[in-house]
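Architecture at a glance
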Amino acid sequence: MSRLRESALALVSIAIVAAVVCAFSVATSAFIDQQATAGLRAELSAQSGEDLALRASLDIVENAEEQDAEVRRAIAKTFGAVEVTFDTTRTLEAGAIFSTGDRSGPAEALTVPDLDSRAVFDTGTVPSGADQVAVQADAAADLGLGVGDEVSLNQVVFTVSGMWRPTDPLDPRWYGDEAVETGGSDRLGPFVITESAWSQLDFQPKAVWTVVPTSIDDFTSSNGSSVSAAWATVSRAWRGEVSGFDSLQVQSQLARTLDDFDRRVEGLRAIEPVAAVLIAGSALVALWQLVQLLVATRERETLVFWARGRSTATIASRVACEVAGTAVLGAVIGVFIVVIGLSVATVAGQHVVVRPSAFAAPAIVVIGAIVIAAVSSYRSTTSITQSTQGGRGDSRARRVAVPGVVLLVAIAAGLSVWQLRRYGSPLTPNADGSSSIDPIVVVAPAAALIAVVLAALAAFPAIVRLFSRRIRDVGVGTHLAARTLARQTARVAAPLVIVALAAGSGTVAATFSATWANLYAQNAALHVGADVRISSPLAPLSAEQRDAVATTKDIVDVVPIDVQTLSLGTVTGSVVAATPDALRQVANEAGGSFSPSDAADDIQMDDPGPIIPEGAAALSLRVEALGFDEPPALSAWIADRFGSVRTVAFASPTVEADGVLAYTVALVDREHTAPGSLVSIDISFADQSFDATRPSFRLVSLDAQVGGTAETVALGQFWSLDTLSEFGLPPESNVSGDGFVLDAGLPFLRMTSASDGSASDYLRPRVVVSAPLAHALDLRIGDLIALSLRDVVGNANAVVTAIVPAVPGADSDMALLMDLSAINHFHQRTSSVAAESTDLWITTAEQQQVRESVRGVVPANAQVDLRDNPEARKVLGAASIALWGAAATCLLFAFIAVGSASSSRIRWGRSDIAALRALGMRPAEQSAVVVREMLFVLVLALLAGAAAGALVGVLTVPQLARAAVDRGYLSSAASLAVDWPGLSLLLGALIVGTAAILIDLSRRVRALASRLLPGEGHE
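Residues numbered from 1 in each chain as written. Predicted model: local features only at pLDDT ≥ 70, side-chain atom pairs only at ≥ 80, totals over all residues. Heavy atoms only, no water.

Considerations on the overall build of the protein chain
- Summing up its helical and strand segments, the protein chain has 27 helices and 32 strands in all.
- Over its C-alpha trace the protein chain gives a radius of gyration of 39 Å, far above what one expects of a compact globule, namely 31 Å for 1019 residues.
- Its C-alpha atoms put the protein chain at 135 × 70 × 45 Å along the principal axes.
- The contacts of the protein chain with a sequence gap of at least 6 include a subset with a gap of at least 24, amounting to 80%.
- Accessible surface for the protein chain amounts to roughly 43000 Å². Of this, 56% is attributable to carbon and sulfur atoms.
- For the protein chain, the distance from the average site of its 73 positive side-chain charges to the average site of its 103 negative ones is 26 Å. (Helix = DSSP H or I, 4+ residues; strand = E, 2+ residues; numbered from the N terminus. Rg over C-alpha atoms; globule rule 2.2 N^0.38 Å. Contact = heavy atoms within 4.5 Å. Areas by Shrake-Rupley, 256 points an atom, 1.4 Å probe, with all protein chains shown as cover. Lys, Arg positive; Asp, Glu negative; His and termini not counted. Charge placed at Lys NZ, Arg CZ, Asp CG, Glu CD.)

What follows is the structure in structure tokens.
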């Protein structure tokens, strides 16, 4: 019993260390998983339409019911091992030709068995017979259809049973079909018929199964990837399982959503082992100190066992078994506490599953504790039985071993850091496109920190000797402290190392936290470009949709942005187009990495079209139209300074003298538009005879009505002519470029203001390129780039006017920025359809509210991103919390190690205390000597740890931070920053805690020095 009492403190401390390591590892793993799960669910909650669904389609077979059953069984089998439940909906769909008597065209025909639960009817009901059809309400209004009217689909007559609208157009079961909400544009509809009606048509539909998760709450950070992996097997696994397999088509948008989220947060997983290695290293050092204390308390017992004939190995194994049992018990207690805590504090109904990797660090620590105990006990037993003071003083073996160990650790750390800096991330790409954590790279921060601290330990004897020489004449107390440190270096090694690790890990955590926060904010701002970004590449956004978004509450400004794919040889990236005024008005500076005003100046081009003055309420256009049988009908395309292009139709002209016609149009005042320019004029001709003369057309003047006064707008531009048809050639322009003479009949002609003021209309856009793109293509300011752009035949030659770190709104680090006016100009020359943009940038102070509000006015598959997204920040911010947790745990280990070292100092220094008392040294003086010893070690440890943390921060934190932020590719470099309040708090806690231990040590030394005499027993 007395033996256990003497060892109780050391054994309890060993159990605490093991419990803390296990609890930290399990809690960190569970916390990161919980944050990732919460982030995934928030991401899915923000999605709609096809982004939340999977689809499989087959040619319908004769036995449709059996085919449906086969597919449903195949779907259940595919997701049998996945912890997510799905609802499957079967529909039939095909393209058709509608006819109402006076109109005909493409249509979308559907069979939706549960239409009554997914739609509301303005009038009528769902079709009940093979001769009935329910028409989407907007399409029906466009066609003038009502209940009871007849409409033909592929020459089969149907009676309209009702007009419907979707209950929720964002419902994933509609898979983002825009026609469901709008009635369609290219294809009207949908026209919903019964399944039996298809037999009347001259074609067979596709059978489509839409698979939608029953609840988003089924998803966790671990099963999202399993859903993607399971669905990826469909193209192979369903062969022989479903009828019509050869016609199988698979759509995997939900899987892409899940994979995209995994890629964005995969860097979070790389931080977990960084924290684990720091904890494991600190724990092993703390256990080393505790085992030394335990072995020291067993010296008398060791002599007794050896005297009774026990072998050295047997004695050592007893201590190792005690440490093993204690460490395992502590680990079990730690896991139990965390599991109970997680069960009590379950978040959002999440089922917490601890990954096996969470137990790697605890296993290493427990095994390390056993090995340390066995080795230390064996060496202590050997030294005692040989009547030597093993471990006391500097043996030749230790003098050789310590530098050797430091050198090996330094080489390993150097290799790891070099590899991390070379790759730029702890994540390495796999052959299948995924990423994995490099086990060598991920330990770089901990290895480098431990290497620097061990180097400080190796240098400690030399520092002590230098200190001794400098303070020879200072006083007896200081001299004794230095002498003790010089003689007992090995005994103070553990507190020095672990305090340095605590200070270093705190410095690394503070550096990572601040650097990550700045980098995250910068990357979010670069990706979004403004406060809110709406991206809809598959269903581009019209000027009217921009107007609808602009009327949403809390929105200040809305500007169109067009994003295209950049392809230059083997380099792919993004082309971002915005007008200079849009950049100045809406774009953010992304933490100083982008200057909107400078970029706007760099891409600014001269506006070739007539500039419409601000406040213009109407336009009056005078033209000379001679020889026409009927006056041409005119309309104008006006681009505001933000890049939205709209058409306005002039009223019928009034005839003035000399064949001059005056056309007038009122301009609509829109809150979120801005004065712009007239870019094109469309001319529609009636049937024209060419027997007597050739008709001619010429622009004469343009006036703008501003405040009741007519202001003349210059029309001195050259106007390019286009028929926008493959079958008609435009007439030649007149010499002045403001008119033409018709040689043959044309239904339509467009006049577009030439970009260069001549017939060649040679447009050379000015572009700003990102630094990575400039590096990849060796570009310099003034170089030309041949761009392949939408609506451009061949290539457009652009000139590089500036190189910037990154381009906002780009989906790649390889990106360039150009004026949207150039994109609009190319579009006006080639298309009769209004120009649309893929993205919108929004300025608002209420980002969350705006995201919810705009959902109903943008396409179902549009992505809405926020510059300040608390859900995403919380998920990825778990990396900082994990490192702060590791630093706090190292702090706890430091307290344990220093406390253990102080107890050990009293134990092995009792004889010195008694001797000094006999020589007349007062208790206070002896206390001062011991405190100076510990204080010297702790101050050196703090300095070494802070220096090591700073060095490791410079070498590794930028790479770790880039891996742990969303879309790290947007930032070419990360500027180091330090969380000074957090670091001050942690170091302050370390100083206060060690000061409390030193005060207690001083008290105990004074108590011993006041009563202890040479030859007395233990304390």
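A closer look at the pattern of salt bridges
- In total, this model carries 35 salt bridges according to the counting rule given.
- The salt bridge involving Asp581 is made with Arg584; its shortest N-O contact spans 3.6 Å. Of this pair, Asp581 and Arg584 both sit in helix α18 (residues 580-586), three residues apart, which is roughly one turn of the helix.
- Put simply, Glu925 and Arg922 hold a salt bridge, and the shortest N to O gap is 3.0 Å.
- By relative accessible area, Arg922 is classed as exposed at 53%.
- Salt bridges sharing partners connect three or more residues here, namely Asp114, Arg118, Asp171 and Arg173. (Salt bridge = Lys/Arg side-chain N within 4 Å of Asp/Glu carboxyl O. Buried < 20%, exposed > 50% of the residue type's maximum accessible area, 1.4 Å probe, protein only.)

Examining empty space enclosed by the protein
- Following the criterion strictly, the structure yields five cavities of 30 Å³ or more and no others.
- Estimates place the volume of the largest cavity at around 190 Å³.
- Lining the largest cavity are 18 residues, with Arg264, Leu866, Asn869, Asp966 and Arg967 sitting closest to its centre.
- The residues that make up the lining of the largest cavity include at least three from each of domain 1 (1-39 + 261-387 + 395-525 + 871-1011) and domain 3 (530-607 + 764-866).
- For the second largest cavity, the calculated volume is near 120 Å³.
- Forming the boundary of the second largest cavity are 14 residues, of which Gly39, Glu43, Phe261, Arg264 and Ala872 lie nearest the centre.
- Contributing elements (two or more residues each) for the lining of the second largest cavity: α1 (2-45), α8 (253-297) and α23 (870-876).
- Split by residue class, the lining of the second largest cavity holds seven nonpolar, two polar and five charged. (1 Å grid on protein atoms, 1.4 Å probe; cavity = no way out; pocket = protein on both sides within 12 Å on 5 of 7 lines; lining within 4 Å. Points joined across faces, edges and corners; volume = space filled by probe spheres on them. Domains from an automatic or database assignment. Nonpolar A, V, L, I, M, F, W, Y, C, P; charged D, E, K, R; others polar.)

Re the sheet that holds strand β24 (residues 719-722)
- Strand order in the open sheet made by the five strands is β18-β17-β21-β26-β24, with antiparallel pairing throughout. Looking at the sheet topology across the chains shown, the edges are occupied by β18 (645-649) and β24. Averaged over all pairs of adjacent strands, the angle between their axes in this sheet comes to 25 degrees, without regard to strand direction.
- The pairing of β24 with strand β26 (residues 748-753) spans four bridges and is classified as antiparallel. If you follow Ser720 over to β26, its bridge partner there is Thr752. (Pairing = 2+ DSSP bridges. Axes fitted to C-alpha atoms, helices over the stretch in contact; angles between N-to-C directions.)

Re the packing of aromatic side chains
- For the coordinates displayed, the defined rule picks out 12 aromatic pairs.
- Ring centres of Phe98 and Phe191 lie 6.2 Å apart, and the angle between their planes is 20 degrees; on these two criteria the pair is classed as stacked. You can see Phe98 sitting in strand β2 (residues 86-99) and its partner Phe191 sitting in strand β8 (residues 188-193), a full 93 residues away along the chain.
- What makes Phe191 buried here is its relative accessible area of 0%.
- Taken together, a centroid distance of 5.3 Å and an interplanar angle of 20 degrees make the contact between Phe697 and Phe740 stacked. Here the residue Phe697 occupies a position in strand β22 (residues 696-706), and Phe740 occupies one in strand β25 (residues 739-741), the gap between them amounting to 43 residues.
- A residue is classified by how much of its surface remains accessible, and Phe697, at 1% relative accessible area, is buried.
- Take Phe740: its relative accessible area is 1%, and that puts it in the buried class.
- Three or more aromatic residues joined by ring pairs form one cluster here, namely Phe79, Phe86, Trp231 and Trp238.
- If you follow Arg118 out to its NZ or CZ, it ends over the ring of Trp174, 4.1 Å from the centre. (Phe/Tyr/Trp six-rings, centres within 6.5 Å; stacked < 30°, edge-to-face > 60°. Lys NZ or Arg CZ within 6 Å of the ring centre and 35° of its normal.)

What about the packing of helix α26 (residues 923-963) against helix α27 (residues 980-1009)?
- Packing of α26 against α27 leaves a shortest axis separation of 8 Å and a crossing angle of 155 degrees. Accordingly, the angle class assigned to the pair α26 and α27 is roughly antiparallel. Viewed along their axes, α26 and α27 form a crossing whose handedness is right-handed. For the pair α26 and α27, the contacting residues are Pro923, Ala924, Gln926, Ser927, Val930, Val931, Met934, Leu935, Leu938 and Leu942 in the first and Leu987, Leu990, Ile991, Thr994, Leu998, Leu1001, Ser1002, Val1005, Arg1006 and Ala1009 in the second.
- Classifying every residue of the contact of α26 with α27 by side-chain character gives 15 nonpolar, four polar and one charged. (Parallel < 35°, antiparallel > 145°, perpendicular 65-115°, else oblique. Left-handed = near helix turned anticlockwise from the far one by under 90°.)

Focus on the sheet that holds strand β27 (residues 766-770)
- The mixed open sheet is built from nine strands, whose spatial order is β28-β29-β27-β30-β15-β14-β31-β13-β32. Every interior strand has two partners, whereas the edge strands, β28 (784-787) and β32 (863-866), have only one. When strand polarity is set aside, the average angle formed by the axes of neighbouring strands in this sheet is 30 degrees.
- As paired elements, strand β13 (residues 532-535) and strand β31 (residues 839-844) share four bridges and run antiparallel to each other.

Concerning the nonpolar core
- Judged by nonpolar contacts, the single largest core of 167 residues is most densely connected at Val17, Phe79, Phe191, Trp238, Phe512 and Phe893.
- The element that contributes the greatest number of residues to this core is α8, accounting for 21 residues.
- Domain assignment of the residues forming this core places at least three in each of domain 1 (1-39 + 261-387 + 395-525 + 871-1011) and domain 2 (88-213).
- When neighbours within four sequence positions are excluded, Phe512 is seen to be in contact with Ile271, Ala879, Ser880, Leu883, Val957, Leu960, Ala961 and Ala964.
- In this structure, Leu634, Ala704, Leu742 and Leu746 belong to the second largest nonpolar core, which totals 33 residues. (Core = buried A, V, L, I, M, F, W, Y, C linked by side-chain atoms within 4.5 Å.)

Examining the side chain of Gln959
- Relative to the helices and strands, Gln959 resides in helix α26.
- Contact partners of Gln959, with chain neighbours within four places excluded, come to Leu420, Arg421, Gly424, Ser425 and Pro426.

Description of helix α2 (residues 64-78)
- With 15 residues, α2 extends 21 Å between its outermost C-alpha atoms, agreeing within 8% with the 21 Å of an ideal straight helix rising 1.5 Å per residue.
- Inspection of α2 places Ala64, Gln67, Asp68, Glu70, Val71, Ala74, Ile75 and Thr78 among the buried residues, and these make up the whole buried set. Take α2 and look down its axis: the buried residues cluster within an arc of 160 degrees, on one side only. In α2, those exposed residues whose orientation departs by more than 90 degrees from the buried face are Glu65 and Lys77.
- Buried residues belonging to α2 abut β1 (54-59), β2, β9 (206-213), α6 (224-232) and α7 (234-237). (Expected span 1.5 Å × (residues − 1). Arc of directions from axis to C-beta.)

Quick word on the pairing of β22
- When strand β16 (residues 616-626) meets β22, the two strands line up antiparallel, connected through 10 bridges. Along β22, the bridge assignment pairs Leu619 with Ala704.
- Here β22 runs beside β25; their pairing, made up of three bridges, is antiparallel. By the bridge assignment, Ser696 is partnered in β25 with Val741.
- Examined bridge by bridge, β22 and strand β23 (residues 709-713) share five bridges and lie antiparallel to one another. Looking at β23, one finds that Gln705 is bridged to Ala710.
- Adjacent in sequence and paired antiparallel, β22 and β23 are bridged by two residues, among which Gly707 carries a positive phi angle near 60 degrees.

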